[in-house]
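Analysis of the macromolecular model
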Amino acid sequence: MSNTSFVSTKVRYINSEWKGRNEAPRIGSKESRRENTAYQDINVYDARPRIARDEIGLEKTGFTLAQNLSSCGNFRDEKVIKEIYLPEMRNLVCQVTGASAAYHYGFLVRTETPVDFNDGYARFVHCDYNVERIENMSHDVLRDNGVEPQTGEMYAWFNTWQPFDNPAIKNPLAFIDAGTLPREDVIDYYYTGRNRDSLVAAPVYNPDHRWCYFPEMTTDEVIILKQMDQRPDRVVYCPHTSFDNPIAKEGAPPRRSIETRVLAAVSYTHLRAHET
């Protein structure tokens, strides 16, 4: 494990000119990404020491680290992923967050040989969703699972991210400490990949954002990121992106990872701030 407390790199943010506009950018290809984003220099800090100091948690920083020694033997087999891995992540989200139930919205496998823009390594700072859509999206997912939404229920969405095959050394995941993310920095944009036109969210650059990562993540470690939350006085977003790791040694194996998107249902009358 590297002893370096941070690495210096650059990541793409949506151009600040979009902040305050009545319209939102549309990104769904390399060309539209280049048109609407620009590189910013950042330092990405090792978050592992902060776990020992109890400074990390979903309601403190918007992210946390958990363990999952998966029983999934093939992360390229959709059937195996759905039968084995997705239940592991639903159980993990319930365990970490205190949710009474969790449901999957989808998953995505990323490797060094992407099929298209959608499953390549993320190359600009973004959130997965927009909290303005949380109730409609949550009700749709519940009904897809044969569950009728209940009065008094509230919803939070999480992203889980786990390497497979190799430790995550090249192109690791970086995320903004939510405690350094003013809500007004987050703007709307539309994701248009794979013929979608989905309202999502992303921050514009602010030099006060503190970037974090977990160096050399092993294949039994999982990052959990808050993606949207309708409960009052909670972290709402944890923006993230991959980044080129300048201290990755030549010949380091490619990053291969699986991410899942999970809806957690929590009773309004029992708001639980369960931390790891």
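Described in the following lines is the structure provided in the data block. Values in this document were obtained by computation on a predicted structure and should not be read as measured data.

Some remarks on helix H4 (residues 134-144)
Each α-helix winds once per 3.6 residues, and so residues spaced three or four apart point in a common direction. Listed as buried for H4 are Ile 134, Met 137, Ser 138, His 139, Val 141 and Leu 142. Gly 146, located one to two residues past H4, shows a positive phi value of around 75°.

Some points on the layout of surface pockets
If you add up the space inside the largest pocket, you get close to 730 Å³. Along the walls of the largest pocket sit 30 residues, with Leu 108, Arg 110, Asn 118, Tyr 191 and Arg 261 positioned nearest its centre. Of all the secondary structure elements, the ones that give two or more residues to the lining of the largest pocket are helix H1 (30-36), strand E5 (101-110), strand E8 (186-191) and strand E9 (198-203). Looking at side-chain class alone, the lining of the largest pocket contains 14 nonpolar, six polar and ten charged residues.

Details of the sheet that holds strand E7 (residues 173-176)
Strands sit in the order E1-E3-E10-E7-E12 across an open sheet of five strands; the sheet is mixed. At either margin of the open sheet sits one strand with a lone partner, and together these are strand E1 (6-14) and strand E12 (240-242). Strand-to-strand, the axes of this sheet are offset by a mean angle of 40°, without reference to chain direction. Taken together, the three bridges between strand E3 (residues 37-46) and strand E10 (residues 211-213) define a ladder with parallel strand orientation. Paired with Val 44 across the two strands is Trp 211, which belongs to E10.

Focus on unusual backbone geometry
The phi angle at Asp 54 is positive, at roughly 60°, despite the residue not being glycine. Take Asp 54: it is sitting in the loop between helix H2 (48-52) and strand E4 (63-67). Here the phi dihedral of Glu 216 falls at roughly 50°; this positive angle occurs in a residue that is not glycine. For Glu 216, the location among the structural elements is in the loop between E10 and strand E11 (221-229).

Criteria and cut-off values
Within each chain, residues carry numbers counting from 1 in the order of the written sequence. Local features in this predicted model are restricted to residues of pLDDT 70 or higher, and side-chain atom pairs are both shown and tallied only at a pLDDT of 80 or more, whereas totals for entire chains, interfaces and linings draw on every residue. Neither water nor hydrogens contribute to the side-chain values; these are computed over all heavy atoms in the structure. Partly exposed describes any residue whose relative accessible area lies between the buried limit of under 20% and the exposed limit of over 50%, with all areas from a 1.4 Å probe on protein chains only and scaled to the type maximum. Helix and strand labels come from DSSP, where a helix needs a run of H or I of at least four residues and a strand needs a run of E of at least two; each type is numbered from the N terminus. The method works on a 1 Å grid over the protein atoms by themselves. A cavity is a set of points holding a 1.4 Å probe that cannot get out, a pocket is an open set with protein on both sides within 12 Å along at least five of seven lines, and residues with an atom within 4 Å of a point line them. Grid points are joined across faces, edges and corners, and a volume is the space filled by probe spheres set on the points. Ten residue types, Ala, Val, Leu, Ile, Met, Phe, Trp, Tyr, Cys and Pro, are classed as nonpolar, four, Asp, Glu, Lys and Arg, as charged, and the remainder, Gly among them, as polar. Paired strands, as defined in this entry, are two strands with at least two bridges between them according to DSSP. Think of each axis as a best-fit line through the C-alpha atoms, taken over the contacting stretch in the case of a helix, with angles from 0 to 180 degrees between the N-to-C directions.

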